[in-house]
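Breakdown of the fold
The lines below spell out each chain.
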Amino acid sequence: MHELNLLEIGQWDQFEPSELLPDQKNAFDARRKAVRAVAAGSSMTSAAKQYGVHVKTLAATIEKARTIAPDRKPWGWRACIPHRVRHTNTAEADEYPAFAAPGAFKAFLKKATAFQELLTDYSGPLPGRNAPSRRFESFFKNLCKWIRDNVPKDRYPANDKTYARRSILAFLHVQREGQPFIDEDFEVEDANAAGQLGEVFALQLTDWAQYDGHALDCPFYIEGEDGNGQPFLQQILRSWLIVGYFALLRLCSSWTLSFGLNYSGTDFNVTCANSLRQWAPRDLVAPTMVYVPGSGIGTAPAIGVVAMPSITSADNAMAHRLDVNRQRMASQLLGVIHFGRAHVPETRGHLEAWNKRIEETVIREIPGAYRPAGENSDTATNTNTSDPQVYPADTTALEDLMDVTISGANATELDALQNRSPIQVLQTFVGTGGWVFAARDHAERANMLSTLQCSVKISGSKKRKRQPYVRFRHARYRSISLRGRWDLVGKKYSATVDILDARFINLYDEKGELFVVLRALRPWSRTPHSLGLRKTIHRLSRAGRLEIKGAACAVYALKHYLREKFSESREAATLMAKHRTELAAAGSFPSPTQLVTEPASSTASAKPASRLVDVYVPLTGRVNLGKKASPP
Amino acid sequence: MTSPLNPESRAYYAEDPHPPLTSRALTPREERKNDVYYYLSPKHKMRVVSVVEPCRLALALEYEFDPDVVSYVERPRFLSVEDRQIELCFWVSRRSGAESFSIFRRQSKPSIQAVRAEERVCSRLLEAARTAGLTLAIRKPQSLILARVANATRLELLPYVQAADALAGLTVFTDAVLEHMRTHPFSSFHAIERTLCGPFDWRDVRSATCWLIHRGLLHLDVNQRLMVSTRVSLPEAAHA
């Protein structure tokens, strides 16, 4: 074992023993100081002598301190706790020595601990016989000043002409003896150690999931119509692949394709929810495309159970911006949620490597794909010769492609896994009794993940004959069961909204029981829409680009607007691709009664709609109390 | 945390007539800039615990799974040392009534001066704590890194304990598991689930088992890598 040094004792946990008797406490302190002195370079004998500890005790203490205790931590400072009280000589000097004499400097240091600290802090060069040191001289000047300021004039070392220069130098020499030379650039391992999760936790295969979005280096053109009804191709601004990934297993658990300058927290939420749902093969559009046999996404195809990670890492950039993610991730995904430092992809290194692999093997083959400017070239280079304008993208086919290739990647042998596929490794891991976390209610948790919890206030005015309503995110919500309940105006309720279908809002009373379900008023009542889409529409309407006042359905209005603008604006094309499912649902208008009993979106709105049977929902803003309106 | 994650999360302090120290919420800047870990603490009725850096997470989980610890609060208070405020990491209250604070310190700069300065700050901290009458322990990374397996085991048990909170009729499961343990004082997760697989789903049984371990009603050696075959025992049997 190498010699004890300051770095090593700096690693030990420190504590202040509170239950020791005063004698024991003194012995403890003495041993601690002696150990520290030995670490600082003094010899065992001198340290023992200085602090009044027996040499053998000190040697035994140091030896014990460096071994591992039964609780699997190093003994550290705990080794200094005495078994038996011994008499120690730690009487402090109460006065500065009167004159220079043997032991006077030591006595002075005992009294002036601050001075000793100054000395130990100095790490510059010491003057040699023929090598003066400027740095030491200026340091010594400070020491002299300290002595003049703090020591009475008739006491040592203030009464000494040389200000105890020789003793100071001797002290520094002794202190440095045996201590390794460490210069300024010396890397202390500890500075970077334990900063990473894997160093502190011995994680197993399915413990860690990472989520991140990755921009695809490929321009996509989608097909639409120009003003004359002729086919027109418009480029999408940017496309993103958001992936959930079991990092140590190198297995993808869910993915989402998003279009836009950046992906949103909603996309992120959907990806997380998908990882909790059991994967099912898609109905592929292209007849020539088939799934690789034995492939699949997530753990369910391999082991029959939807496994969930103990710790979920996400980037700090997009994931935490959405309230619902901050609220629901911890409670629905369970385990620990980790938001890494922003813009440090290295903390999710495995996922970055996976992205790179998908990029090289799949994305580079799509028409129009390019390798971005980097080390090899100053400009982007195309990776294939196909023209993206000849092969426009179809979002459904693109999703099919991603699903097939990603599930295939899960069944591909990897060097990192000794030429075995992640699915095989997972099967072996579970077959040999590996620990996996799974919850029986994973599907309900997936649905709950998109439920935003908030607080709303009921507004309304009896005087102005305004029936009670709730304002929430640019929309008003109302219910027939609140008709005439003027007593509720001004009251606050906790509420939940599904961010993927914001047509309904559930209000809860103090006991946490469902009080009422409100429905959005026109123009937000018909098509299921996410809160993100509502925000986009609201922004367009505020800017005067889209008129939704008086419109029957805002989503439908947006659909028309985007169709008109398709040929002249790339933003419009991007919005069209981004909200493709919501816009598709806005196409046909079912009758209001049908809307109430049979919601259009099966997964998202199944929950609130089931409670809404027999509820009459007014579509317009004002409700006339005098006449009972018949449903349109 | 500022946002109410769970309706129950606020109930914790409301119920306690003498609320312990409250944890300082992270500022938005800290949330954005730091390596932040969140989890719902089963020990505190699913209050959200937020800690910065993996070492503090390991420390928090150590308290979470220590049956002797009644309650713990992260970032409880500051201690002024040398004209600057140093934030303590945890306040811990034990079953015996003892209360203590702990702080995690890491060597920040790789130079000999920094090592010395750190050493000095540590001794000043202990001194300041003594002056204030607080029991303080300074934790360094070494002891946490040596317990890598134990840290991971606690992390792996955590989601099952959290899932048990949402389990309807938890007592039915725990009673069944305890009944099994009385006849087989040393058993494995696999054996418990095999025995009870008839009426129950294995995931629920494992949730209940982990919940019992969290409460200290069952014992598990955390220093072993957690597997389905890991031995679970009654605490009295483990100490015998």
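Residues numbered from 1 in each chain as written. Chains lettered and ligands numbered in written order. Predicted model: local features only at pLDDT ≥ 70, side-chain atom pairs only at ≥ 80, totals over all residues. Heavy atoms only, no water.

Some points on the interface of chain A and chain B
- The partner chain B presents 76 residues to the 75 residues of chain A that form the contact.
- Area buried by chain A at its contact with chain B is led by Gln14, Phe201 and Trp435 of chain A, which between them contribute 12% of it.
- Our count for the chain A to chain B interface comes out at seven salt bridges.
- For Arg124 of chain B, the salt bridge is made with Glu117 of chain A, and the minimal N-O distance between the two is 3.2 Å.
- In this assembly, chain A and chain B are joined by 27 residue pairs in polar contact (both at pLDDT 80 or more).
- Of the residues belonging to the side of chain A that touches chain B, the class tally is 32 nonpolar, 24 polar and 19 charged. (Contact = heavy atoms within 4.5 Å. Buried area = accessible area lost by both parts, 1.4 Å probe. Salt bridge = Lys/Arg side-chain N within 4 Å of Asp/Glu carboxyl O. Polar contact = N/O pair within 3.5 Å; in protein donor to acceptor, adjacent residues only side chain to side chain. Nonpolar A, V, L, I, M, F, W, Y, C, P; charged D, E, K, R; others polar.)

Section: helix H2 (residues 22-39) of chain A
- Helix length check: H2 of chain A, at 18 residues, gives a terminal C-alpha distance of 26 Å against a target of 26 Å (1.5 Å per residue), a fit within 8%.
- A positive phi of about 120 degrees marks Gly41 of chain A, the residue just after H2 of chain A. (Helix = DSSP H or I, 4+ residues; strand = E, 2+ residues; numbered from the N terminus. Expected span 1.5 Å × (residues − 1).)

Some remarks on the domain arrangement of chain A
- Taken domain by domain, chain A consists of domain 1 (6-86), domain 2 (104-176), domain 3 (202-446), domain 4 (450-520) and domain 5 (531-586).
- Using C-alpha coordinates to define each centre, domain 4 of chain A is positioned 26 Å away from domain 5 of chain A. (Domains from an automatic or database assignment.)

Description of the layout of surface pockets
- By volume, the second largest pocket amounts to about 2000 Å³.
- Among the elements of the structure, H2, helix H3 (44-51), helix H5 (104-111), helix H6 (113-121) and helix H8 (165-176) of chain A together with helix H4 (112-132) of chain B are those that each provide at least two residues to the lining of the second largest pocket.
- Per-element tally for the lining of the second largest pocket: the top contributor is H4 of chain B, with nine residues.
- For the lining of the second largest pocket, the per-class residue count stands at 15 nonpolar, 14 polar and 19 charged. (1 Å grid on protein atoms, 1.4 Å probe; cavity = no way out; pocket = protein on both sides within 12 Å on 5 of 7 lines; lining within 4 Å. Points joined across faces, edges and corners; volume = space filled by probe spheres on them.)

Let's talk about the confidence of the model for chain B
Residues and elements named next belong to chain B.
- The pLDDT averaged across chain B works out to 84; a share of 89% of its residues lies at or above 70.
- Every residue in residues 1-19 scores below 50 in pLDDT, and together they form 34 contacts with partners more than four places removed in sequence or on other chains.
- Across the assembled chains, the prediction reports ipTM 0.88 with pTM 0.72. (pLDDT = per-residue confidence, 0-100.)

Let's talk about the packing of aromatic side chains
Residue and element names in this part refer to chain A.
- Within the structure shown, the criterion is met by 26 aromatic pairs over all chains.
- Residues Tyr122 and Phe139 carry aromatic rings whose centres are separated by 4.2 Å and whose planes lie at 10 degrees to one another, so their mutual orientation is stacked. Note that Tyr122 is positioned in the loop between H6 and helix H7 (134-150) and Phe139 in helix H7, a separation of 17 residues in sequence.
- By relative accessible area, Tyr122 is classed as buried at 6%. (Phe/Tyr/Trp six-rings, centres within 6.5 Å; stacked < 30°, edge-to-face > 60°. Buried < 20%, exposed > 50% of the residue type's maximum accessible area, 1.4 Å probe, protein only.)

Quick look at the sheet that holds strand S10 (residues 219-220) of chain B
All names here are of chain B.
- The antiparallel open sheet is built from three strands, whose spatial order is S9-S11-S10. Of all strands in the sheet, those bounded by a partner on one side alone are strand S9 (186-188) and S10.
- In this sheet, strand S11 (residues 231-233) lies alongside S9 in antiparallel orientation, the contact comprising three bridges. If you follow Phe186 over to S11, its bridge partner there is Ser233.
- Seen against the sheet, helix H8 (residues 189-196) touches S9, S10 and S11 and runs at an angle of roughly 80 degrees to S9. (Pairing = 2+ DSSP bridges. Axes fitted to C-alpha atoms, helices over the stretch in contact; angles between N-to-C directions.)

Brief notes about the pattern of salt bridges
- Within the structure shown, the criterion is met by 39 salt bridges over all chains.
- The salt bridge partner of Glu568 of chain A is Lys565 of chain A, with a shortest N-O separation of 3.6 Å.
- In this structure, Arg94 of chain B and Asp66 of chain B form a salt bridge, with 3.4 Å as the shortest nitrogen-oxygen distance. On the criterion of sequence distance, the pair formed by Arg94 of chain B in strand S6 (residues 90-94) and Asp66 of chain B in the loop between helix H3 (54-64) and strand S3 (69-74) is long-range, its members being 28 residues apart.
- What makes Arg94 of chain B partly exposed here is its relative accessible area of 26%.
- One connected set of salt bridges, linked through shared partners, spans Asp217, Lys356, Glu359, Glu360, Arg364 and Arg371 of chain A.

Looking at the pairing of strand S1 (residues 36-41) of chain B
- Counted residue by residue, S1 of chain B has six buried out of six residues, so it is predominantly covered.
- Of the pairings in the sheet, the one linking strand S9 (residues 336-339) of chain A to S1 of chain B comprises three bridges and is antiparallel in character. When the sheet's bridge partners are listed, His338 of chain A is paired in S1 of chain B with Tyr37 of chain B.
- Judged from the six bridges that link them, S1 of chain B and strand S2 (residues 47-52) of chain B form a sheet pairing that is antiparallel. Paired with Tyr37 of chain B across the two strands is Val51 of chain B, which belongs to S2 of chain B.
- Two successive antiparallel strands, S1 of chain B and S2 of chain B, enclose a turn made up of five residues, where Lys45 of chain B displays a positive phi of approximately 50 degrees.

Quick word on the side chain of Glu118 of chain B
Residues and elements named next belong to chain B.
- Within the secondary structure, Glu118 sits in helix H4.
- Glu118 gets classed as buried once you look at its relative accessible area, which sits at 7%.
- At a separation of 3.0 Å, a polar atom in the side chain of Glu118 contacts the side chain of Arg105.
- Excluding its chain neighbours within four sequence positions, the residues that come into contact with Glu118 are Arg105, Arg106 and Gln107.

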